[in-house]
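Reading the structure
One letter stands for each residue in the lines below.
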Amino acid sequence: MTDAAELRTRTRALLEAHPPATTDRADFLKARFDAGLAWVHYPEGLGGLGAPRSLQAVVDAELEAAGAPDNDPRRIGIGLGMAAPTVLGFGTDEQKQRFLRPLWTGEEVWCQLFSEPGAGSDLAALGTRAVRDDETGDWVVNGQKVWTSSAHTARWAILIARTDPDLPKHRGITYFVCDMTDPGVEVRPLRQITGEAEFNEVFLTDVRIPDAHRLGEVGDGWKVAQTTLMNERVSIGGMRIPREGGMIGPVAKAWRDRPDLRTHDLHQRLLKLWVDAEVARITGERLRQQLVAGQPGPEGSGMKLGFARLNQEISGLEVELLGEEGLSYDDWTMRRPELVDFVGREAGYRYLRSKGNSIEGGTSEVLLNIVAERVLGLPAEPRTDKDVAWKDLAR
């Protein structure tokens, strides 16, 4: 069993062989992956050593102290948080070898082709079709996806499509890896209330996906997608942050720096939200400790729920605290950013952008159902369409 001492030894050996100050960033990241120090809980040969997940902090601390580069995790968050655990769980050996290394080093960006105009909260109602070409064995995909982060920079996409419309909606879905450079893939920007086009809509016209890029069995796409979705909610709601990290930080700083803005009512609200943010942070630490024992469960939905509520309440308080200053906005220029930076912009941006937190990564209404049924054990909501063929559903 790999322990902390051995990981420190391996990390120092990596630093000695590839000094960060003189080694190209990409070369260092590749060497780190090959040394099994990328994600230590992954298997040997796939960026890990089969060590406990909790020991990743040992490696990260050594590398940070030495000034080693990271893989810019915010830019490649979909690949790290959603695609990688799905490929690891359901991919073939060839798929794992092909995709995981460039995914982790950031050479290849990933996006997620799940939601559709008519299948957002009810994702299983998706209508994008994948039809098998009997001559080549390829799958020909046609349809539209929406709210796709990073589609404009992505090399690969995780995609779910309907392969059998005669089955009920949760069945007859298959999971694929889609090449975003295929000529049938068209990415169009979706401009948001912030002025940016961080999201996209993606049109798929006769996109050919080789069967070798299918994850899981034909018709098992919903099962595979659950791994993606559970990891997505943990990656959104369970991020590791320091005390007063995230949205609460700028508000607390403004309170300390601007005594002229203080009122008793705002003070009481800030205290409550500060405590809530700290509870969420500590709960996130506990959730990550639970992950050491296995895959994320429905508890991640609760974390994501809290993340959305807190961000919206905190950003609303910040705008109120700043008064007229909170109504200003720095830049409405149409841009297509590579990542979301909540704390790098002003209060107005945070207020507007946080409105999407209760929609992206699973709407709060859907997550409340998950928590009610799978965490609290309450009776399931009636579902009259679960045994009806998808083709017969009202649309």
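All of these numbers come straight from a predicted model, not from anything done at the bench.

About the thresholds
- Residues numbered from 1 in each chain as written.
- Predicted model: local features only at pLDDT ≥ 70, side-chain atom pairs only at ≥ 80, totals over all residues.
- Heavy atoms only, no water.
- Patch = residues over 30% accessible without salt bridge, like charges linked within 9 Å, V, L, I, M, F, W, Y side chains within 5 Å.
- Areas by Shrake-Rupley, 256 points an atom, 1.4 Å probe, with all protein chains shown as cover.
- Salt bridge = Lys/Arg side-chain N within 4 Å of Asp/Glu carboxyl O.
- Helix = DSSP H or I, 4+ residues; strand = E, 2+ residues; numbered from the N terminus.
- Buried < 20%, exposed > 50% of the residue type's maximum accessible area, 1.4 Å probe, protein only.
- Phe/Tyr/Trp six-rings, centres within 6.5 Å; stacked < 30°, edge-to-face > 60°.
- Pairing = 2+ DSSP bridges.
- Contact = heavy atoms within 4.5 Å.
- Core = buried A, V, L, I, M, F, W, Y, C linked by side-chain atoms within 4.5 Å.
- Expected span 1.5 Å × (residues − 1).
- Arc of directions from axis to C-beta.
- Polar contact = N/O pair within 3.5 Å; in protein donor to acceptor, adjacent residues only side chain to side chain.

Attention shifts here to a nonpolar patch on the surface. A contiguous nonpolar patch, built from Val375, Leu376 and Leu378 and spanning about 270 Å² of accessible area, is present on the exposed surface. Mapped onto the elements of the fold, Leu376 is located in the segment after α11 (364-375).

Evaluated as defined, the whole model comprises 37 salt bridges. Here Asp133 makes a salt bridge to Arg208, at a shortest N to O gap of 2.6 Å. With Asp133 in the loop between β2 (129-132) and β3 (139-145) and Arg208 in strand β7 (residues 199-209), this pair connects stretches of sequence that are 75 residues apart. Residues Arg345 and Glu196 are paired through a salt bridge, measuring 3.1 Å at the closest nitrogen-oxygen approach. Of this pair, Arg345 sits in the loop between α9 (299-322) and α10 (347-353) while Glu196 sits in the loop between β6 (185-190) and β7, and the two are 149 residues apart along the sequence. Assessed through its relative accessible area of 14%, Arg345 is described here as buried. Classification of Glu196 by relative accessible area gives buried; the value is 6%. Taken together, the salt bridges that share partners define one network made up of Glu196, Asp330, Asp331, Arg335 and Arg345.

Inspection of every chain in the model, using the stated rule, returns nine aromatic pairs. Measuring from ring centre to ring centre gives 6.4 Å for Phe33 and Trp104, while their planes differ by 45 degrees; the resulting arrangement is tilted. Pair noted here: Phe33 is in helix α2 (residues 25-34) and Trp104 is in helix α5 (residues 93-105), with a separation of 71 residues, a long-range link. Trp104 matches Phe33 in its accessibility class, with the two residues each being buried. Note on Phe114 and Tyr175: the rings are 5.9 Å apart at their centroids and 85 degrees apart in plane angle, and the pair reads as edge-to-face. With Phe114 in the loop between β1 (110-113) and β2 and Tyr175 in strand β5 (residues 173-179), this residue pair connects regions lying 61 residues apart in the sequence. Pair check on accessibility: Phe114 and Tyr175 agree, each one buried.

Turning to the pairing of β2, a few remarks are in order. Sheet analysis places β2 next to β3, joined by four bridges and oriented antiparallel. Bridge pairing in β3 places Arg132 opposite Trp139. With antiparallel pairing between neighbouring strands as the criterion, β2 and β3 make up a hairpin whose turn holds six residues, including Gly137 at a positive phi of roughly 85 degrees.

Counting through the fold element by element, Pro189 comes out in strand β6. Using a relative accessible area of 36% as the deciding quantity, one classes Pro189 as partly exposed. Between the C-alpha atoms of Pro189 and Ser149, which are 40 residues apart in sequence, the distance is 9.9 Å. Non-local contacts of Pro189, meaning those with residues more than four positions away in its chain, are made with Ala197, Phe199, Asn200, Met334 and Arg336.

With 52 residues, the main nonpolar core has Trp39 and Leu113 as its most contacted residues. Setting aside residues up to four positions removed in sequence, Leu113 forms contacts with Lys145, Thr148, Ala157, Ile158, Leu159, Ile160, Cys178, Met180, Val202 and Leu204. By size, the runner-up hydrophobic cluster in this structure holds 17 residues, among which are Leu273, Ala277, Leu321 and Ala347.

Counted at 1.5 Å a residue, the expected span for helix α1 (residues 4-17) with its 14 residues is 20 Å, and the 20 Å between its end C-alpha atoms agrees. All of the buried residues along α1 are Leu7, Thr11, Leu14 and Leu15. What you see down the axis of α1 is that its buried residues fit within an arc of 95 degrees, all on one side. Away from its buried face, by an angle of more than 90 degrees, α1 presents the exposed residues Thr9, Glu16 and Ala17. For α1, the secondary structure elements touched by its buried residues are α2 and α3 (56-65).

Time to look at the pairing of β5. Among the seven residues of β5, six are classified as buried, and the element is accordingly described as predominantly covered. Pairing analysis gives seven bridges linking strand β4 (residues 156-162) to β5, with the strands arranged antiparallel. In the strand pairing of β5, Ala161 is matched with Thr174. As judged from the two bridges shared by β5 and strand β8 (residues 214-215), these two strands associate in the antiparallel manner. The residue bridging Tyr175 from the neighbouring strand is Leu215, located in β8.

Here Ser315 lies in helix α9. A polar contact is formed between the side chain of Ser315 and the backbone oxygen of Asn311, at a distance of 2.9 Å. Here the side chain of Ser315 touches Gln312 through a polar contact of 3.1 Å, landing on its backbone oxygen. Other than its neighbours up to four places away in sequence, Ser315 contacts Met247, Arg350, Tyr351 and Ser354.

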